[in-house]
Amino acid sequence: MLSRREVCMTGAMLVFGLTIADPVWAQEPGEKGALRLAIKGYDPVAYFSERRPVVGKEEFEYPWDEVRYRFASDRHMSTFRGDPDRYTPQFAGSCAMGMSKGVKVEADPANWLISDGRLFVFASPKARERFRADARGEAAAADSNWQLLQDAPFGTSLAH
């Protein structure tokens, strides 16, 4: 029989797991095996061309690197197809500040920064500002941690 503490811990872990997974599952299309929608459907090219986040349209969707990207226009989709590495968000849409600290969490595409020609997205405005204070150092740490976390699900942490 489980102790009261074990029941509480198990319940807390279940709630935490569902909270972390909810944004990811919310993006999954209805059919099994379909690709996840990248950066919650925002157009990655718009961050560079319009200097703001723009929601992409379903009719301008392009699969690349095991996710689906949406674009505001056919022109943006064509631009992306010509050089996807230039436009994709770093760390597959994971929060760059979280990644620098060894935690893989999904970002909110409204919180973003272009630094050294790379698009970074963040879970919050505070994370963006912390990253901006030492963008090169945080990006280097995130690049290193990405090698360990890239295949892990959202919610994974390197710290035990």
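Quantities reported herein were computed from a predicted structural model and do not represent experimental measurements. (Residues numbered from 1 in each chain as written. Predicted model: local features only at pLDDT ≥ 70, side-chain atom pairs only at ≥ 80, totals over all residues. Heavy atoms only, no water.)

### Comments concerning the pairing of strand β6 (residues 118-122)
Here's step 1: Across the 5 residues that make up β6, a large majority, 4, are buried.
Here's step 2: Alignment of strand β5 (residues 108-115) against β6, held across 5 bridges, turns out to be antiparallel. The residue of β6 that forms the bridge with serine 115 is arginine 118.
Here's step 3: What sits between β5 and β6 in their antiparallel hairpin is a turn of 2 residues, with aspartate 116 showing a positive phi close to 50 degrees. (Buried < 20%, exposed > 50% of the residue type's maximum accessible area, 1.4 Å probe, protein only. Helix = DSSP H or I, 4+ residues; strand = E, 2+ residues; numbered from the N terminus. Pairing = 2+ DSSP bridges.)

### Notes on the packing of helix α6 (residues 125-133) against helix α7 (residues 135-149)
Here's step 1: Where α6 meets α7, the closest approach of the two axes is 5 Å, and the angle between their N-to-C directions is 105 degrees. Accordingly, the angle class assigned to the pair α6 and α7 is roughly perpendicular. Every residue of α7 that contacts α6 at Arg130, Phe131, Arg132 and Ala133 is listed here: Ala135, Glu138 and Ala139.
Here's step 2: In the contact of α6 with α7, the residues fall into 4 nonpolar, no polar and 3 charged. (Axes fitted to C-alpha atoms, helices over the stretch in contact; angles between N-to-C directions. Parallel < 35°, antiparallel > 145°, perpendicular 65-115°, else oblique. Contact = heavy atoms within 4.5 Å. Nonpolar A, V, L, I, M, F, W, Y, C, P; charged D, E, K, R; others polar.)

### What to know about unusual backbone geometry
Here's step 1: At phenylalanine 91, a position not held by glycine, the phi torsion is positive, near 60 degrees.
Here's step 2: Along the chain, the position of phenylalanine 91 falls in the loop between α4 (84-87) and α5 (96-100).

### With respect to helix α3 (residues 74-82)
Here's step 1: Residues of α3 that are buried include every one of His76, Met77 and Phe80, and no others. Around the axis of α3, the buried residues are gathered within 100 degrees of arc, so they sit on the same side. Turned more than 90 degrees away from the buried face of α3 sit Arg75 and Gly82, all of them exposed.
Here's step 2: The inward-facing, buried residues of α3 contact α2 (44-49), β2 (57-64), β3 (67-71) and α4. (Arc of directions from axis to C-beta.)

### Brief notes about the packing of aromatic side chains
The geometry of an aromatic ring pair comes down to the distance between the two centres and the angle between the two planes.
Here's step 1: Taken as a whole and judged by the stated rule, the model has 10 aromatic pairs.
Here's step 2: With 4.8 Å between their ring centres and 45 degrees between their planes, phenylalanine 120 and phenylalanine 131 make a pair best called tilted. Taken together, the positions of phenylalanine 120 in strand β6 and phenylalanine 131 in helix α6 put the pair 11 residues apart, joining distant regions of the chain. Of the two residues examined, phenylalanine 120 and phenylalanine 131, each falls in the buried class. (Phe/Tyr/Trp six-rings, centres within 6.5 Å; stacked < 30°, edge-to-face > 60°.)

### Here we look at a negative patch on the surface
Here's step 1: A grouping of Asp65, Glu66, Asp83, Asp85 and Asp151 is seen on the molecular surface, where their side chains present a negatively charged patch.
Here's step 2: In this fold, aspartate 65 is placed in the loop between β2 and β3.
Here's step 3: Here aspartate 65 falls in the exposed class, since its relative accessible area comes to 57%. (Patch = residues over 30% accessible without salt bridge, like charges linked within 9 Å, V, L, I, M, F, W, Y side chains within 5 Å. Areas by Shrake-Rupley, 256 points an atom, 1.4 Å probe, with all protein chains shown as cover. Salt bridge = Lys/Arg side-chain N within 4 Å of Asp/Glu carboxyl O. Lys, Arg positive; Asp, Glu negative; His and termini not counted. Charge placed at Lys NZ, Arg CZ, Asp CG, Glu CD.)

Geometric descriptors of this kind do not, in isolation, establish any biological role.
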